[in-house]
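Now for the letters of each chain:
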Amino acid sequence: MTQLFAALRAALLFALLIAGSAGAQTETVDYTLWNEAAQEAEAAIESDETPTETLEELRSELAMFRDRLLSQQNAGDPRLATLQSQLDALGTPPEDGAEPDGLVQRRQELQRQIAQVREPLFRAEEAYNRANALIMAIDETIRSRETERLLQRNANPLDPRLWGPTITKMIVPFREIGMEVRENWNKPDVRQSVMDKLPATLLLIAVAFLFVFRAPTFIDRLGNWLRQKTRRGTGVWSVLLGLLRVAVPVCGAFFLFVVAINVSDLFSERSLSIVIALPAILFVVLFSRWLAAESFSSDDDVATFALSQKHRTEARYYVNSLSWLLALNAFVSYLVELGEWDIGVETVVGFVIHLLCGLILFRLGQILRKTGPQDGSGFDADDEGANLTFPSRLARLIGQAAMVVGVVGPLLSGIGYFNIAEAMIFPTIKTLGLFTILLIFQRLIRDVYHLITGKELDQSQSLLPVVSGSFLTLVALPVLALIWGARIADMTELWARFQAGFSFGETRISPTDFLTFAAVFMVGYVLTRLLQGGLRGSVLPKTRLDKGGQTAIVSGIGYTGVFLSAIIAITAAGIDLTALAFVAGALSVGIGFGLQNIVQNFVSGIILLIERPISEGDWIEVNGQHGTVRDISVRSTRIETFDRTEVIVPNADLVSNSVTNYTRGNTLGRLVVDVGVAYGTDTRKVEEVLYKIARNHEMVLMNPEPFVHFKGFGADSLDFDVRMILYDVTQILVVRTEVNHQIAEAFKKEGIEIPFAQRDIWLRNPEAIPGAYRAAPDTDPEEPQQ
């Protein structure tokens, strides 16, 4: 039963370890007890006859001392920093030794106090290193013993001479239990006690049978009622009710059955130790049947493996068979642990179990390798190139591994390597179960999301599947390690190493420091964002600041808040960055060259936020690009062009180059419209028409009023332009188009001609052109050709 509850014990011990590490910060170390424990551990390591259980107990004791020593090192002594600062205030002693006597005595006194304060820390560090070395030695000893146990070769289970004695030894415990019950029944006092307790015993047995036969019906009714009350997400109730169908019979019926047997006084303590294992074994069977029903369900929406109906039905049968074999193997191991059966019986019976498990694993692996898309008829698609989800790929990989174990495991068991076969076959079965549990929990999370939000998780574009899958995988890793033979001490050792952190020079940085830094920084970051939100939404809109100024204030507070949060978090975590200063100084030169442009853009962004030559919403021109400023970040500015494309401009370009801001402060702007009229046109009349058009347009300011400029005499026309100041320069294209339309309509109405260029071409020597006469035979060659 040790394997059955390994994961539960690991979680409990892990929680106790965390709690103990938290409480160890206030406990002092008794070095007398520590030296005794260390000497006892050293003697146990040197002796080859020390039992493994004793080594595990000594290791746990050493680990407890090590946690206390580490806590003492991390806690330090607050007086040390004060004394060191006082010593630093005295300055460096002169090289010639010419220093006042009082100052020398003060320096010596401070050095003595510092050494006195550091002595417990040095002692704790020395004891910590000793404990760490002893723990590593114990772990090495236990691992070497486990390796020897795995490679040990037992009797050949295929030898027929072992079968008869094995069968005889298998019957002995149960025969003795029957004899004990018969002998107790023949005792008058026991018989009288049984008769007196018979009503209570029968009542408990009756209640147990009610749990077995009536509880599932009640649970089904409860499920139907819950489905009627909830319109969506009923997959949640399916999973929970399935667990109830497993837990209620086991926790109720079998518990009462064992209590009834205990009350009857017919069984001895030895018999009860065997009978009491039956509820746990049957729980394995029922739980495995539930896993099979959920994972290989006939309902496509419930099944977690993408298989055909035929293969799912076959897989359910094989998983149920494996559950009975797994329970039988646990019962055999339990009887061997109690001493009822010997290793010979375990070897022969175990080989039969290994052979059956191997056959089932091989076939189940073949089925899992077909996981993937299904064709239209409901059968597995044979296209190996089909798109597979990650669970399907992982299921195929596990199926392939199961096939290998199904062949190799029974072969090793058949030639006598029972322990290796045991360490391969049943961890593979448990890994399949763990993988199935993860898929069921992933589906449960999807159903809970559907129940709460009413939306399908797969269609919501949410990161919840990735986050939940990562979390479940992280939780499953320790369980997987325990399944494949890792000791609980190995898991606690990983936690201890994680808790110890790492040293950088004279600075030790522990995970507690990181957690403190992260917690304080997140609090500061959240407060900064809340302050920004309050200013942006409630305070700044009520001021006279323009939008650009409001953005600058909010951005400046954000950068300042993040910087202060980082400083406060470093201080609160107690991280000493002195040892990192030299490294940072050396790296700053190389980083400075590599990040020169980034730093330049960063500084330019700060300048833009302070001086505010441009703001969000401004129409600017930079590097030949026209557009509207949409966002000013610390490194670059995002501009949206009139073609609705985004241009990312480095802030350094906005500071060092010329930038035209068309809407800085206001949206006023000038529009110049060029127009030409034919020679001979009355210029005064043209001027009057143009003034009338400009003054009557609603977007044109009257102060300053429009101006018609007679530019001069062009090659083909009399040139004018109309200069107007617009209310909103962003509408310049609309106004230009409208004014051009009005000019064309007014000129047509007034009979004013808008000329177009005409050219007369004269050929000086037309006879020089080949074929000129053939092209124009009726033309007089003496006349010039036009």
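Scroll up for the structure.
Reference entry: report on the structure contained in this document.

**What to know about the overall build of the chain**
Here comes step 1: Helix and strand counts for the chain stand at 26 helices and 10 strands.
Here comes step 2: About 46400 Å² of surface is accessible on the chain, with carbon and sulfur atoms providing 60% of the total.

**Some details on the packing of helix α13 (residues 309-338) against helix α16 (residues 418-453)**
Here comes step 1: Packing of α13 against α16 leaves a shortest axis separation of 11 Å and a crossing angle of 130°. Put simply, α13 runs oblique to α16. Relative to α16, α13 is oriented so that their crossing is left-handed. Of the residues in α16, those touching α13 at Leu322, Leu325, Leu326, Asn329 and Ser333 are Glu422, Phe426, Ile429 and Lys430.
Here comes step 2: Across the contact of α13 with α16, the residue classes break down as five nonpolar, two polar and two charged.

**Here we look at the packing of helix α5 (residues 101-151) against α16**
Helices that pack against each other are described as a pair by the angle of their axes relative to one another and the distance between those axes.
Here comes step 1: Where α5 meets α16, the closest approach of the two axes is 6 Å, and the angle between their N-to-C directions is 105°. By the angle between their directions, the pair α5 and α16 is classed as roughly perpendicular. For the pair α5 and α16, contact is made by Arg149, Leu150 and Leu151 and by Asn419, Ile420 and Ala423, respectively.

**A word on the sheet that holds strand β8 (residues 669-677)**
Here comes step 1: Reading across from one edge, β8-β10-β9 is the order of the three strands in this open sheet, with antiparallel pairing throughout. Bordering the open sheet on either side are β8 and β9 (707-713), each of which pairs with just one other strand. Across the sheet, the mean angle from the axis of one strand to that of its neighbour is 20°, orientation sign disregarded.
Here comes step 2: Against the sheet, helix α24 (residues 683-696) touches β8, β9 and β10 (718-726), its axis set at about 20° to β10.
Here comes step 3: Helix α25 (residues 732-750) rests against β8 and β10 of the sheet, and its axis sits at about 30° to β8.

**Thoughts on a negative patch on the surface**
Here comes step 1: Where like charges cluster on the molecular surface, the negative patch consists of Asp30, Glu36, Glu40 and Glu61.
Here comes step 2: Mapped onto the elements, glutamate 40 comes out in helix α2 (residues 31-46).

**Considerations on the sheet that holds strand β6 (residues 646-650)**
What links the strands of a sheet is backbone hydrogen bonding, and the strands pair in either a parallel or an antiparallel sense.
Here comes step 1: Strand order across the open sheet formed by five strands is β6-β5-β4-β3-β7, with antiparallel pairing between neighbours. Looking along the sheet, the strands with just one partner apiece sit at the ends: β6 and β7 (659-661). Neighbour to neighbour, the strand axes of the sheet diverge by 40° on average, direction disregarded.

**Points about the packing of aromatic side chains**
Geometrically, a pair of aromatic rings is defined through the distance of the ring centres and the angle of the planes.
Here comes step 1: Across all of its chains, the model carries 13 aromatic pairs by this definition.
Here comes step 2: An angle of 10° between the planes, with centres 6.0 Å apart, marks the rings of phenylalanine 517 and phenylalanine 521 as stacked. Of this pair, phenylalanine 517 and phenylalanine 521 both sit in helix α19 (residues 511-539), four residues apart, roughly one helical turn.
Here comes step 3: A relative accessible area of 25% places phenylalanine 517 in the partly exposed class.
Here comes step 4: Accessibility expressed as a relative area gives 21% for phenylalanine 521, which makes it partly exposed.

**Considerations on the pattern of salt bridges**
Here comes step 1: Summed over the entire model, instances satisfying the criterion amount to 18 salt bridges.
Here comes step 2: For arginine 130, the salt bridge is made with glutamate 42, and the minimal N-O distance between the two is 3.2 Å. Taken together, the residues arginine 130 in helix α5 and glutamate 42 in helix α2 connect sequence positions 88 residues apart.
Here comes step 3: Its salt-bridge partner being arginine 363, residue glutamate 314 comes within 2.7 Å of it at the nearest N-O pair. Of the two residues, glutamate 314 is situated in helix α13 and arginine 363 in helix α14 (residues 343-368); the sequence distance between them amounts to 49 residues.
Here comes step 4: The exposure class of arginine 363 is partly exposed, given its relative accessible area of 23%.
Here comes step 5: Ionic contacts of the salt-bridge type, sharing partners, join the residues Glu56, Arg59, Asp139 and Arg487 into one network.

**So, the environment of leucine 480**
Here comes step 1: Relative to the helices and strands, leucine 480 is located in helix α17 (residues 464-483).
Here comes step 2: According to the relative accessible area criterion, leucine 480 is partly exposed, its value standing at 29%.
Here comes step 3: Sequence separation of leucine 480 and phenylalanine 435 is 45 residues, and the distance between their C-alpha atoms is 9.6 Å.
Here comes step 4: When sequence neighbours within four positions are dropped, the list of residues in contact with leucine 480 reads Thr431 and Leu434.

**So, the side chain of aspartate 618**
Here comes step 1: Tracing the chain through its elements places aspartate 618 in the loop between α22 (596-611) and β3 (619-622).
Here comes step 2: Classification of aspartate 618 as buried rests on a relative accessible area of 8%.
Here comes step 3: A distance of 3.1 Å separates a polar atom in the side chain of aspartate 618 from a polar atom in the side chain of asparagine 661.

**What to know about the environment of leucine 70**
Here comes step 1: Within the fold, leucine 70 resides in helix α3 (residues 52-75).
Here comes step 2: Given the relative accessible area of 4%, leucine 70 is considered buried.
Here comes step 3: C-alpha separation for the pair leucine 70 and alanine 124, spaced 54 residues apart in sequence, amounts to 7.6 Å.

**Regarding the pairing of strand β5 (residues 636-641)**
Here comes step 1: Most of β5 sits out of view: five of its six residues are buried.
Here comes step 2: With five bridges connecting them, strand β4 (residues 625-632) and β5 associate as antiparallel partners. Pairing of glycine 627 across the sheet is with threonine 641, part of β5.
Here comes step 3: Taking the residues that link successive antiparallel strands as the turn, the β4-β5 hairpin has three residues.
Here comes step 4: Pairing of β5 with β6, which is carried by five bridges, proceeds in the antiparallel orientation. By the bridge assignment, serine 636 is partnered in β6 with proline 650.
Here comes step 5: The turn linking β5 back onto β6 is made up of four residues, and arginine 644 within it adopts a positive phi angle of 65°.

**Regarding α2**
Here comes step 1: Look at α2: 22 Å from first C-alpha to last across 16 residues, which is about the 22 Å you get at 1.5 Å a residue.
Here comes step 2: Taken residue by residue, α2 has Tyr31, Trp34, Ala37, Ala38, Ala41 and Ala44 as its buried positions. Along the axis of α2, the buried residues cluster in a sector spanning 145°; they form a single face. For α2, the exposed residues lying more than 90 degrees away from the buried face are Thr32, Gln39 and Glu46.
Here comes step 3: Buried residues belonging to α2 abut α3 and α5.
Here comes step 4: Measuring from the side-chain oxygen of the N-cap residue of α2 to the backbone nitrogen of threonine 32 gives 3.1 Å; that N-cap residue is aspartate 30.

**A short note on the nonpolar core**
Here comes step 1: If you look at the biggest cluster of nonpolar residues, it comprises 42 residues, and the most contacted ones within it are Phe305, Cys357, Leu361 and Ile429.
Here comes step 2: Put simply, the parts of the chain that give this core at least two residues each are α12 (277-295), α13, α14, α15 (390-414) and α16.
Here comes step 3: With 12 residues, the single largest contributor to this core is α13.
Here comes step 4: Sequence-distant contacts of isoleucine 429, defined by excluding residues within four places in its chain, comprise Leu322, Leu326, Cys357 and Leu361.

**Details of unusual backbone geometry**
Here comes step 1: Put simply, asparagine 703 and proline 704 share a cis peptide bond, and its omega is 0°.
Here comes step 2: At asparagine 623, a residue that is not glycine, the phi angle is positive and equals roughly 55°.
Here comes step 3: Its place among the elements puts asparagine 623 in the loop between β3 and β4.
Here comes step 4: Although it is not a glycine, arginine 644 adopts a positive phi angle of roughly 65°.
Here comes step 5: Its location among the elements puts arginine 644 in the loop between β5 and β6.

What counts and what doesn't
Residues numbered from 1 in each chain as written. Predicted model: local features only at pLDDT ≥ 70, side-chain atom pairs only at ≥ 80, totals over all residues. Heavy atoms only, no water. Helix = DSSP H or I, 4+ residues; strand = E, 2+ residues; numbered from the N terminus. Areas by Shrake-Rupley, 256 points an atom, 1.4 Å probe, with all protein chains shown as cover. Axes fitted to C-alpha atoms, helices over the stretch in contact; angles between N-to-C directions. Parallel < 35°, antiparallel > 145°, perpendicular 65-115°, else oblique. Left-handed = near helix turned anticlockwise from the far one by under 90°. Contact = heavy atoms within 4.5 Å. Nonpolar A, V, L, I, M, F, W, Y, C, P; charged D, E, K, R; others polar. Pairing = 2+ DSSP bridges. Patch = residues over 30% accessible without salt bridge, like charges linked within 9 Å, V, L, I, M, F, W, Y side chains within 5 Å. Salt bridge = Lys/Arg side-chain N within 4 Å of Asp/Glu carboxyl O. Lys, Arg positive; Asp, Glu negative; His and termini not counted. Charge placed at Lys NZ, Arg CZ, Asp CG, Glu CD. Phe/Tyr/Trp six-rings, centres within 6.5 Å; stacked < 30°, edge-to-face > 60°. Buried < 20%, exposed > 50% of the residue type's maximum accessible area, 1.4 Å probe, protein only. Polar contact = N/O pair within 3.5 Å; in protein donor to acceptor, adjacent residues only side chain to side chain. Expected span 1.5 Å × (residues − 1). Arc of directions from axis to C-beta. Core = buried A, V, L, I, M, F, W, Y, C linked by side-chain atoms within 4.5 Å.

The analysis is restricted to geometry; functional conclusions fall outside its scope.
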